[in-house]
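What the coordinates show
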Amino acid sequence: AQKVTQAQTEISVVEKEDVTLDCVYETRDTTYYLFWYKQPPSGELVFLIRRNSFDEQNEISGRYSWNFQKSTSSFNFTITASQVVDSAVYFCALSEGGTYKYIFGTGTRLKVLA
Amino acid sequence: SAVISQKPSRDICQRGTSLTIQCQVDSQVTMMFWYRQQPGQSLTLIATANQGSEATYESGFVIDKFPISRPNLTFSTLTVSNMSPEDSSIYLCSATDTSGANVLTFGAGSRLTVL
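Residues numbered from 1 in each chain as written. Chains lettered and ligands numbered in written order. Predicted model: local features only at pLDDT ≥ 70, side-chain atom pairs only at ≥ 80, totals over all residues. Heavy atoms only, no water.

Now for the overall build of chain B. Looking only at helices and strands, chain B features zero helices and eleven strands. Taken from N to C terminus, the helices and strands of chain B fall in the order β-β-β-β-β-β-β-β-β-β-β. Against the compact-globule benchmark of 13 Å for 115 residues, chain B has a radius of gyration of 13 Å, which places it among compact chains. Each of the 115 residues in chain B was classed as buried or not, and the buried ones make up 51%. Pairs at least 24 residues apart make up 54% of the contacts formed inside chain B by residues separated by at least 6 positions. (Helix = DSSP H or I, 4+ residues; strand = E, 2+ residues; numbered from the N terminus. Rg over C-alpha atoms; globule rule 2.2 N^0.38 Å. Buried < 20%, exposed > 50% of the residue type's maximum accessible area, 1.4 Å probe, protein only. Contact = heavy atoms within 4.5 Å.)

The following block contains the structure:
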């Protein structure tokens with residue numbers, strides 16, 4: 001069965017600190033997609049990244065980076081030099097190949113303090 | 001990517017009433033979905049809105065409670081029927097990204113409070 005676990009319910013950091021948000025997934029499919037979304041206080045989910053199961057390359061986009069490791073079924077998200085504007089709830093999600101059905105984790109609330 | 005507009009953005013409703021949420025996409029999309037996010041919780045898929053046919057509901061959600069329409073490729077509605085306080089949630093409309101990259105775009109959500 002599909003499952004996404006975000007064990008960190010809430011994280012607080014001081015501005016400029018680095019922070020890593022953990023995501024562990026379960027699936028029986030060999031083809032699947034992993035996602036991260038940001039939900040700021042306004043409520044709208046903002047797409048951050050999509051990764052397919054055949055691409056284990058890590059990705060960096062500005063202050064954001066993602067580490068995908070199939071061996072540990074993890075897809076962790078790191079924010080470098082965090083800023084107050086990074087404060088939001090971050091969701092990790094999984095969809096199995098051929099479907100648009102997403103399974104979301106429970107989210108991690110990140111608070112970045114000035 | 002597609003831009004999704006939802007209305008109402010928020011509403012306060014009385015127990016036993018029904019409310020219809022509208023979702024408008026600025027371009028034609030293949031698939032549209034409705035999610036529920038209960039207070040402080042994750043997102044749960046309610047149903048897939050199928051154009052021209054009955055929606056496909058996930059386990060735990062039924063058509064009588066959450067009737068859905070999708071008359072064309074850019075518009076869908078979700079009705080929350082006979083509401084109770086347990087229906088207080090954010091309801092989000094989503095659609096497939098037009099790039100075909102299996103990415104969902106979400107609306108800003110409709111926050112319902114049932115008294």
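We now examine the environment of threonine 72 of chain A. All names here are of chain A. Structurally, threonine 72 can be placed in the loop between β8 (64-69) and β9 (74-79). A relative accessible area of 43% places threonine 72 in the partly exposed class. Each C-alpha atom, one on threonine 72 and one on leucine 21, is 15 Å from the other, the two residues being 51 residues apart in sequence. Separated by 2.8 Å, the side chains of threonine 72 and serine 74 make a polar contact. (Polar contact = N/O pair within 3.5 Å; in protein donor to acceptor, adjacent residues only side chain to side chain.)

Residue and element names in this part refer to chain A. As for its position among the elements, glutamate 96 is in strand β10 (residues 88-96). No salt bridge is formed by the buried glutamate 96; its nearest oppositely charged neighbour, arginine 28, is found at 7.6 Å. A polar contact is formed between the side chain of glutamate 96 and the side chain of threonine 27, at a distance of 2.7 Å. If we skip the residues at most four places from it in the chain, glutamate 96 touches Gln2, Thr27, Arg28, Asp29, Thr31, Tyr32 and Lys101. (Lys, Arg positive; Asp, Glu negative; His and termini not counted. Salt bridge = Lys/Arg side-chain N within 4 Å of Asp/Glu carboxyl O.)

This part covers the interface of chain B and chain A. Counting from both sides, the interface comprises 19 residues of chain B and, opposite them, 19 residues of chain A. For the chain B and chain A pair, buried surface summed over both sides reaches about 1600 Å², with 57% attributable to carbon and sulfur atoms. Counting across the interface, chain B meets chain A through one salt bridge. Notably, a salt bridge pairs lysine 101 of chain A with glutamate 58 of chain B, separated by 2.6 Å at the nearest N-O pair. In this assembly, chain B and chain A are joined by five residue pairs in polar contact (both at pLDDT 80 or more). Grouping the constituent residues of the side of chain B that touches chain A by class yields eleven nonpolar, seven polar and one charged. (Buried area = accessible area lost by both parts, 1.4 Å probe. Nonpolar A, V, L, I, M, F, W, Y, C, P; charged D, E, K, R; others polar.)

Moving on, we come to the packing of aromatic side chains. Tallied over the entire structure, the rule returns 21 aromatic pairs over all chains. For the pair phenylalanine 61 of chain B and phenylalanine 66 of chain B, a centre-to-centre distance of 5.6 Å together with 65° between the ring planes defines the contact as edge-to-face. Residue classification places phenylalanine 61 of chain B among the buried residues on the basis of a relative accessible area of 8%. Cluster of aromatic residues (ring-pair linked, three or more members): Phe35, Tyr37, Phe47, Phe91, Tyr102 and Phe104 of chain A together with Tyr35 and Phe106 of chain B. (Phe/Tyr/Trp six-rings, centres within 6.5 Å; stacked < 30°, edge-to-face > 60°.)

All names here are of chain B. Strands sit in the order β1-β3-β8-β7 across an open sheet of four strands; the sheet is antiparallel. In this open sheet, the two strands that pair with only one neighbour each are β1 (4-7) and β7 (68-72). Adjacent strand axes in the sheet meet at a mean angle of 15°, parallel and antiparallel pairs treated alike. Bridging between β1 and strand β3 (residues 19-25) involves four bridges; their strand directions are antiparallel. Paired with isoleucine 4 across the two strands is valine 25, which belongs to β3. (Pairing = 2+ DSSP bridges. Axes fitted to C-alpha atoms, helices over the stretch in contact; angles between N-to-C directions.)

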